[in-house]
Amino acid sequence: MSDPKVEKEAGSTEPAQAPAPEPEKKKREYKDFGHDEEEKPSHAKVDMSQIQLKAEDLYDKEKVDLETIVVDDVFKLLQCDENGLTDEEAARRLELFGPNKLESEEQNPFLQFLSFMWNPLSWVMEAAALVAIALSNGEHRPPDWEDFVGIVTLLLINSAIGFYEERNAGNAVKALMDSLAPKAKVKRAGQWREIESSYLVPGDMISFKIGDIVPADCRLTEAINVSIDQAALTGESLPQSKKLGDQCFSGSTCKQGEAEGVVISTGPNTFFGRAANLVGQDDDTTGHLQKILAQIGSFCLVVIGIFVLAEIFCLYAGFRYSYRRGLDNILVLLIGGIPIAMPTVLSVTLAVGAQQLAKYKAIVTRITAIEELAAVTILCSDKTGTLTTNKLTIDRDTIRTYGPFSAEDVILLAAYASRTENQDAIDQCVVGAIGDPSRARAGIKLLDFKPFNPVDKRTEITYLEESSGKLKRVTKGMTGIIIELCTRNKTEELESRLEADVEEFAQRGLRALAVAYEEVEGTDPEGEGNGFELIGLLAIFDPPREDTKQTIDDALALGVKVKMVTGDQLAIAKETGRRLGLGDHMYPAKVLKDGPEPGSRFRNLDEMILDADGFAGVFPEHKYEIVKRLQALGHLCAMTGDGANDAPALSRANVGIAVEGATDAARSAADIVLTEPGLSTIVHAIRGSRIIFQRMRNYAIYACAVTIRIVVCFSILAFAFKFDFPPFMVLIIALLNDGTIMTLSVDRVLPSNSPDSWDLAEIFAFAVAYGLYLTLSTIALVAIIIRTTWFYDKFGVTLHNGAHQATDHNDPQLHMIVYLQVAIISQALIFVTRSHGFFFMERPSVALFAAFCIAQLVSSIIAAYGNWGFTNIQAISGGWIGIVWIWDIVWFFPLDLIKFAMKATIIKSLRARHHAALAAQTAESGVPMTRTTSRAASVHESLYSNRVSFLRRAARKVGFGQKISMKPEELQRFSSIQAARTGSVLARHPSRPTA
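Residues numbered from 1 in each chain as written. Predicted model: local features only at pLDDT ≥ 70, side-chain atom pairs only at ≥ 80, totals over all residues. Heavy atoms only, no water.

**Brief notes about the overall build of the chain**
Reasoning step 1: In terms of helices and strands, the chain carries 38 helices and 22 strands.
Reasoning step 2: Per-residue burial over the chain gives 58% buried out of 995 residues.
Reasoning step 3: Counting contacts in the chain only where the partners sit at least 6 residues apart, residues at least 24 apart contribute 74% of the total.
Reasoning step 4: Within the structure as shown, the chain displays about 40,000 Å² of accessible surface, and the carbon and sulfur contribution to it stands at 56%. (Helix = DSSP H or I, 4+ residues; strand = E, 2+ residues; numbered from the N terminus. Buried < 20%, exposed > 50% of the residue type's maximum accessible area, 1.4 Å probe, protein only. Contact = heavy atoms within 4.5 Å. Areas by Shrake-Rupley, 256 points an atom, 1.4 Å probe, with all protein chains shown as cover.)

Shown next as structure tokens:
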């Protein structure tokens, strides 16, 4: 075999004519179509007859060089041979290593339901229920059953809605399990048989062929023209040729040939299972929406706590209230102040939003991801299959010709030299370039065909041209191999030109495919030809999707920076970035470990990551690390991907997006799954999520304002007038408010043109202003009724027993007047919080307006007919109802003026202070920080963490927590480590006694 020598000669291309550095560049490009040169395999430097090795011996490179260990030593480490394991030994190892699958743990539905009542907001309501049923039992009065039943009903309704939403979420690990090959061909006791892949164990001999999914990580013991597609695992767009001793990963697909191998790792210990484990690791973090809920909840709890303590001291110590009377006042604050429906209202808003996003072919698998998508500032996108089509294509614009043939002729002749059936990726893209595949055999009679193999590194066809009756021969393959065959037109000038073209292709990340042609004299298809002539050089690349460039432009217009994160080569990443307008500030993955080079313009790694347009040659840990670092800088990250290798970063990202055609593993780890090709759906999803965010922000301001309004208002009334409002009526207000506010989920709002963020200081500032103003409206009404007879004098209305003014500060009709006034204007506040300008300039949805009208009709009916003795209220006349409505309308209009005044003063000051703090932090660290306030931690945030965490339980179940460095050049080492780990387990549980 002289071809390998020819390859080395091609790398030199006549040293006398060309300088040494240039062939080196050419050689780097040529090896894309063959195998990299590897070090000579070595043996473990230990006595392999003694299998009782300790784990530390296996990791000692002086004894076992894990990068170059030969397959024979793997057999000895795994205590097996090529005849396979016996059934007894396989059963023993199945007990030892577990099944070849990922396992999940079922969640108890009842405990899951109860978990929705386990957060600080619910605790306060539960405490209020206990107060109503237990502590209120005194002074010869029965327990407060009405308030108790009302509180419990409110809790159950909210928990039921949340439970329903969460039970609809799928088990992410199930898809990871299903994506493993269900069947495997295994040799047991010298006999081949087919078993479920879950029964495979380390040491098994397996076999697979074209079209099969590799069932477990293995080292090949026999390989016949094998090509493996690892794109879903490693991001490599081109199938990789494999030979004896190479490793294959579970979940990859055999595209060509047949192979046998020895299993070295199964289930959670495989490359695939390790990615699943990285997915599970992320669930220890608290969701972004849970952090926001925690801070809003803490704000409400602090406000309530302050005024509850004030009432305890004032009412008991100052006014000498009886035990039961003071307790009723405290219940009003607890029930009315807690926005108990907040998690449910936000969940319903998100659920309705998810249905709306489904119209754009985006399926939401984690409902809170919608809120986070609105705040995303950086979109980290995988290249292969996401920005590109994952289908190799001939780049017609860069075809080079060297003879009398046109570019189209070169493509057609290259198609002749390609298989039309059972194609590899190169043949498929060449034949696809001519449009009609039948043209690859039209007008010719095939006489002889030599398929691509790792030794010759080229294909060749000899055919009879029917139109001329001449025998002709065409070959295509690696440039170095083809140019050595070209004896007819190989000149120094041609070689220099070819070398320059190949170098240009290499710099642009294009793979070069040379095509040569000769005529054969006579009729013998195996006869000598008149010498090959180089006729063309084809550029092969993975083209961008048609809509990707527009999608990236749209994302940038929305304030979202796009970064490419790919497992492909740096040159390919740069070329793709240039074609898409992303830029070519791309860096190799090694910078994530080594940091910026000394003397570079970057002071630290964080600054480099922020500046980069993308990273190339990355593996799961790299993608995971990039997203993690960006998040640490205050950014909210979205990550798109389609392969299992993207799963860890998809899970770590604030929003993981699996594109159309993604693997089950990627879809399982993602928060949003796209069902249409390309990324254009993401722009629709971002806009939709910002609409949903605006709805949630509007509600948050409203809920906090109502808390201030209820707590401050009734505390001041109690302090100033010894006013004892019935707790049950506060429950009625809460129920009607929550029912109306649910319709915010379909309200009509406008999305922002920049990423949204939860600026809680602004929300709380607005809430305090609105709450105090509404408090003033109620106190003024009560003061006039108690202190004067103005309403009787002007309108002739009276109170209980015909009183002209409320000399009894706890007049039951006064209670009803206060109830109606609070119910009307508190709900009307939503029309102010939902608008940016005057409330009448932004039309609400029909559902919201209708719900408000219905709620106020119910409130007015209760006011007119609610003679409920158990709660100390009495129906009021139509005159009083009209007075309250007019009073609220008069007080409602200035709310817009308060909003504008707040924006011009306090809100403007808060934003200026925030920008100044960011500028100072940037100047100090050199790394721009983005919206750190939206990521602020809360003392209670862990209490609001996601209650159901399927992936975390799965990761705990499989227990593969150790990380392994996964640089691209360490793939061989990784498989050897797997074999060594398995061997160490077997060493501790030997199948034969120690010698």
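On we go from here.
**Some details on empty space enclosed by the protein**
Reasoning step 1: Scanning the model with the defined rule gives ten cavities of 30 Å³ or more in all.
Reasoning step 2: Its volume calculated, the largest cavity comes out at about 220 Å³.
Reasoning step 3: Around the largest cavity sit 19 residues that line it, and Gly336, Ile338, Val706, Ala734 and Asp738 are the ones nearest its centre.
Reasoning step 4: Counting only elements with at least two residues in the lining of the largest cavity, the list comes to helix H13 (323-337), helix H28 (680-721) and helix H29 (727-741).
Reasoning step 5: For the lining of the largest cavity, the class distribution of residues is 14 nonpolar, four polar and one charged. (1 Å grid on protein atoms, 1.4 Å probe; cavity = no way out; pocket = protein on both sides within 12 Å on 5 of 7 lines; lining within 4 Å. Points joined across faces, edges and corners; volume = space filled by probe spheres on them. Nonpolar A, V, L, I, M, F, W, Y, C, P; charged D, E, K, R; others polar.)

**What about the sheet that holds strand E9 (residues 378-381)?**
Reasoning step 1: Pairing in this open sheet of eight strands is mixed, and the strands run E8-E22-E21-E20-E9-E17-E19-E18 from one edge to the other. Only two strands of the sheet have a single neighbouring strand rather than two, namely strand E8 (362-364) and strand E18 (586-588). Recorded for the sheet is a direction-independent mean angle of 20 degrees between the axes of neighbouring strands.
Reasoning step 2: Relative to strand E22 (residues 672-674), strand E21 (residues 655-658) is paired through two bridges, and the arrangement is parallel. The residue bridging alanine 658 from the neighbouring strand is valine 673, located in E22. (Pairing = 2+ DSSP bridges. Axes fitted to C-alpha atoms, helices over the stretch in contact; angles between N-to-C directions.)

**Considerations on the packing of aromatic side chains**
Reasoning step 1: Tallying each qualifying case throughout the model produces 28 aromatic pairs.
Reasoning step 2: Between the aromatic rings of phenylalanine 766 and tyrosine 770, the centroid separation amounts to 6.0 Å while the plane-to-plane angle is 15 degrees, which identifies the pairing as stacked. Highlighted residues: phenylalanine 766 and tyrosine 770, both in helix H30 (residues 760-787), separated by four residues, approximately one helical turn. Across the pair, exposure class does not vary: phenylalanine 766 and tyrosine 770 are buried alike.
Reasoning step 3: Over the face of the ring belonging to tyrosine 321 we find arginine 325, whose NZ or CZ atom lies 3.9 Å from the ring centre.
Reasoning step 4: Directly above the aromatic system of phenylalanine 541 lies the positively charged group of arginine 579, at a separation of 4.3 Å from the ring centroid. (Phe/Tyr/Trp six-rings, centres within 6.5 Å; stacked < 30°, edge-to-face > 60°. Lys NZ or Arg CZ within 6 Å of the ring centre and 35° of its normal.)

**Description of the pairing of strand E14 (residues 470-477)**
Reasoning step 1: The element E14 is largely enclosed, with a buried count of seven among its eight residues.
Reasoning step 2: Pairing analysis gives eight bridges linking strand E13 (residues 458-465) to E14, with the strands arranged antiparallel. Residue pairing across strands places glutamate 460 opposite threonine 475, the latter belonging to E14.
Reasoning step 3: With antiparallel pairing between neighbouring strands as the criterion, E13 and E14 make up a hairpin whose turn holds four residues, including glycine 469 at a positive phi of roughly 75 degrees.
Reasoning step 4: Pairing analysis gives seven bridges linking E14 to strand E15 (residues 511-520), with the strands arranged antiparallel. In the strand pairing of E15, threonine 475 is matched with alanine 516.

**Some remarks on the environment of glycine 656**
Reasoning step 1: Along the chain, glycine 656 falls in strand E21.
Reasoning step 2: The class for glycine 656 is buried, based on a relative accessible area of 0%.
Reasoning step 3: Considering only alpha carbons, one finds glycine 656 and arginine 366, 290 residues apart in sequence, at a separation of 9.5 Å.
Reasoning step 4: Contact partners of glycine 656, with chain neighbours within four places excluded, come to Met639, Leu650, Ala670, Asp671 and Ile672.

**Digging into a negative patch on the surface**
Reasoning step 1: A cluster of acidic residues, Asp72, Asp81, Glu82, Glu222 and Glu258, forms a negative patch at the surface.
Reasoning step 2: Take aspartate 72: it is sitting in helix H4 (residues 71-77). (Patch = residues over 30% accessible without salt bridge, like charges linked within 9 Å, V, L, I, M, F, W, Y side chains within 5 Å. Salt bridge = Lys/Arg side-chain N within 4 Å of Asp/Glu carboxyl O. Lys, Arg positive; Asp, Glu negative; His and termini not counted. Charge placed at Lys NZ, Arg CZ, Asp CG, Glu CD.)

**Things to note about the pairing of strand E2 (residues 191-196)**
Reasoning step 1: Pairing analysis gives six bridges linking strand E1 (residues 183-188) to E2, with the strands arranged antiparallel. Each residue of the ladder has a partner; that of arginine 188, found in E2, is glutamine 191.
Reasoning step 2: Count of turn residues in the E1/E2 antiparallel hairpin: two residues, of which alanine 189 carries a positive phi of about 55 degrees.

**Topic: the pattern of salt bridges**
Reasoning step 1: Within this structure, the stated rule accounts for 37 salt bridges.
Reasoning step 2: Across the salt bridge formed by lysine 490 and glutamate 484, the nearest N and O atoms sit 3.8 Å from each other.
Reasoning step 3: The exposure class of glutamate 484 is partly exposed, given its relative accessible area of 22%.
Reasoning step 4: Each of Asp395, Arg400, Asp501, Glu504, Arg508, Glu575, Arg578, Arg579 and Asp584 takes part in salt bridges that share partners, so that together they form one network.

**Let's talk about the packing of H28 against helix H32 (residues 812-828)**
Reasoning step 1: Taken N-terminus to C-terminus, the directions of H28 and H32 make an angle of 155 degrees; their axes are 11 Å apart at the nearest point. The angle between the axes of H28 and H32 places the two elements in the roughly antiparallel class. Between H28 and H32 lies a crossing whose hand is right-handed. On the side of H28, the interface is formed by Tyr702, Arg709, Ile710 and Phe714, while H32 contributes Val818, Gln821, Val822, Ile825, Ser826 and Gln827.
Reasoning step 2: When the residues that make up the contact of H28 with H32 are grouped by side-chain class, the tally is six nonpolar, three polar and one charged. (Parallel < 35°, antiparallel > 145°, perpendicular 65-115°, else oblique. Left-handed = near helix turned anticlockwise from the far one by under 90°.)

**Here we look at unusual backbone geometry**
Reasoning step 1: Within the chain, glutamine 79 stands out as a residue other than glycine whose phi angle is a positive 55 degrees.
Reasoning step 2: Owing to a relative accessible area of 13%, glutamine 79 belongs among the buried residues under this scheme.
Reasoning step 3: Notably, asparagine 801 is not glycine yet its phi reads approximately 60 degrees, a positive angle.
Reasoning step 4: Its location among the elements puts asparagine 801 in the loop between helix H31 (790-795) and H32.

**Things to note about the confidence of the model for the chain**
Reasoning step 1: The predicted model of the chain has a mean per-residue pLDDT of 78, with 80% of residues at 70 or higher.
Reasoning step 2: By mean pLDDT, the top-scoring element of the chain is helix H35 (residues 878-892) (96), and the lowest-scoring one is helix H1 (residues 3-12) (33).
Reasoning step 3: Note on residues 51-61: pLDDT is under 50 here. Beyond four places in sequence and across chains, it has 26 contacts.
Reasoning step 4: Note that pLDDT drops below 50 for residues 931-975; the model gives that stretch 131 contacts with residues more than four away or on any other chain. (pLDDT = per-residue confidence, 0-100.)

**A few points about the nonpolar core**
Reasoning step 1: In this structure, Tyr699, Phe714 and Tyr819 are the most contacted members of the largest nonpolar core, which totals 149 residues.
Reasoning step 2: Ranked by residue count, the leading element in this core is H28, at 23 residues.
Reasoning step 3: Beyond its immediate stretch of four places on either side in the chain, phenylalanine 714 contacts Glu311, Val332, Leu333, Phe723, Phe725, Val818 and Val822. (Core = buried A, V, L, I, M, F, W, Y, C linked by side-chain atoms within 4.5 Å.)

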